[in-house]
Amino acid sequence: MAYDPVARHRVIEKNAVRGKLRKYYRFRTDRWYGGIATGDCVGCGLICKFCWVRDSILLTPQGQGKFYDPHEVARKLLSKARKKGIKQLRLSGGEPTVGRSHLLRLLDNLRWEGHLFILETNGILIGSDKSYARDLAPFPFLHVRVSIKGCDRDEFTMLTGSNGDGFELQLRALEYLCNAGVGCNPAVMTSFSSPKKLERLRRRIFAMVPSLMEEFEEEELILYPHVLDRLNRFNLSYRRAFQPGSVPPETE
Ligand code: SF4
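What comes next is a walk through the structure. Keep in mind that this is a model prediction, so the values were computed, not measured. (Residues numbered from 1 in each chain as written. Predicted model: local features only at pLDDT ≥ 70, side-chain atom pairs only at ≥ 80, totals over all residues.)

## Structural notes on the overall build of the protein
Here is step 1: On a plain count of helices and strands, the protein comes out with 10 helices and 11 strands.
Here is step 2: Seen along its three principal axes, the alpha-carbon backbone of the protein occupies a region of about 45 × 40 × 40 Å.
Here is step 3: A buried classification covers 38% of the 252 residues belonging to the protein. (Helix = DSSP H or I, 4+ residues; strand = E, 2+ residues; numbered from the N terminus. Buried ≥ 20, exposed ≤ 12 C-beta atoms within 10 Å, placed from the backbone.)

## With respect to the site of the ligand
Here is step 1: Near the ligand the following residues occur: C44, L46, I47, C48, C51, V53, L58, G94, E95 and N122.
Here is step 2: Its residues assigned to classes, the shell around the ligand shows 7 nonpolar, 2 polar and 1 charged. (Near = placed C-beta within 6 Å. Nonpolar A, V, L, I, M, F, W, Y, C, P; charged D, E, K, R; others polar.)

## Regarding the nonpolar core
Here is step 1: V144 and L177 are the most contacted members of the largest nonpolar core, which has 56 residues in total.
Here is step 2: Broken down by element, the residue count for this core peaks at 6 residues, all from helix α8 (residues 165–180).
Here is step 3: With residues up to four places along the chain from it excluded, the contact list for L177 reads I126, A133, V144, V182 and C184. (Core = buried A, V, L, I, M, F, W, Y, C linked by C-beta atoms within 7 Å. Contact = placed C-beta atoms within 7 Å.)

## Some points on the environment of D135
Here is step 1: Within the secondary structure, D135 sits in helix α6 (residues 130–136).
Here is step 2: In this structure D135 comes out as partly exposed when scored by C-beta crowding, with 18 C-beta atoms within 10 Å.
Here is step 3: A C-alpha to C-alpha distance of 9.9 Å links D135 and L177, two positions 42 residues apart in sequence.
Here is step 4: The residues contacting D135, other than those within four sequence positions of it, are R100 and L104.

## Side note on the pairing of strand β2 (residues 21–30)
Here is step 1: Examined bridge by bridge, strand β1 (residues 17–18) and β2 share 2 bridges and lie antiparallel to one another. By the bridge assignment for β2, V17 is matched with R22.
Here is step 2: The antiparallel hairpin formed by β1 and β2 contains 2 residues in its connecting segment, where G19 sits at a positive phi of about 60°.
Here is step 3: Bridge analysis of β2 against strand β4 (residues 66–68) gives 3 bridges, and the strand direction is antiparallel. Each bridged residue has a counterpart across the sheet, and for Y24 the counterpart in β4 is K66. (Pairing = 2+ DSSP bridges.)

## Describing helix α1 (residues 5–16)
Here is step 1: Its 12 residues give α1 an end-to-end C-alpha distance of 16 Å, which sits within 8% of 16 Å, the value for a rise of 1.5 Å per residue.
Here is step 2: By the burial criterion, the buried members of α1 are P5, H9, I12 and A16. Buried positions in α1, seen along its axis, are confined to an arc of 65° and lie on one side of it. Exposed residues on α1 whose side chains face more than 90 degrees from its buried face are A7 and K14.
Here is step 3: Where α1 is buried, its residues contact β1, β2, α5 (124–127) and α8. (Expected span 1.5 Å × (residues − 1). Arc of directions from axis to C-beta.)

## A short note on the packing of helix α3 (residues 70–84) against helix α4 (residues 100–110)
Here is step 1: Viewed as axis vectors pointing N to C, α3 and α4 meet at an angle of 50°, and their least axial separation amounts to 8 Å. Considering their axes alone, α3 and α4 lie oblique with respect to each other. Between α3 and α4 lies a crossing whose hand is right-handed. Across the interface between the two elements, P70, H71, V73 and A74 from α3 touch H102, R105, L106, N109 and L110 from α4. (Axes fitted to C-alpha atoms, helices over the stretch in contact; angles between N-to-C directions. Parallel < 35°, antiparallel > 145°, perpendicular 65-115°, else oblique. Left-handed = near helix turned anticlockwise from the far one by under 90°.)

## Here's the deal with the environment of V98
Here is step 1: Take V98: it is sitting in the loop between β5 (88–93) and α4.
Here is step 2: V98 sits in the buried class, given 27 other C-beta atoms within 10 Å.
Here is step 3: Distance from V98 to D165, taken between C-alpha atoms, is 18 Å for residues 67 residues apart in sequence.
Here is step 4: In contact with V98, not counting residues within four places along its chain, are H9, I12, E13, A16, V17, G43, G45 and L125.

Right, dumping it as structure tokens:
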């Protein structure tokens, strides 16, 4: 039976958030976006069958990572960025919109630091509550990358096991963010979709917010061994994917 994606995020929140503290399992610098300091959160309310995050981190936040307050997270990200001379920061890993008050305080801590902050999200919590996008609006250095799972409701359910309403919430997140004046873009996982479905989604997003078409991003699987294991476990076949050593530089 398909689960309710919002309710599942709330359950995860109970284990991954304590007041203004949020659990993270690592801080690192990564090559994406031309170099970016990254905090990886514990816990996500979706269960994507292609997720690159290990099951233990994704599904059982109670046994993983450590709680950090927003000030500590800001300090860690800035220190990693400074060491590598990079100006971009992000939250990734699990779902960073879990723990709204932590996230808003973190952004507040970074307000005067002169970095671009990229929030990688599945969009479910933003799409389920218009006020979330409004809360993100006062941070002009923020860009939200909404990672869309599949091209329609059925694909969303097939890829995440969640009910199809989650697909609509992802699109609604983009709409709310745009209406609130928050910089954002759709990043669509296309490895499982036909060109026809992808085109239909493009048209739907264009009809909703035409300006988003300039930043429509297509994302493909990278076949890390643990991702392959996961795909095999769920008996999920893909149409397109990259081998880990052959990701084109323009996608980095
Ligand atoms: S939304 Fe992202 S972090 Fe969550 S399960 Fe899906 S791919 Fe993994």
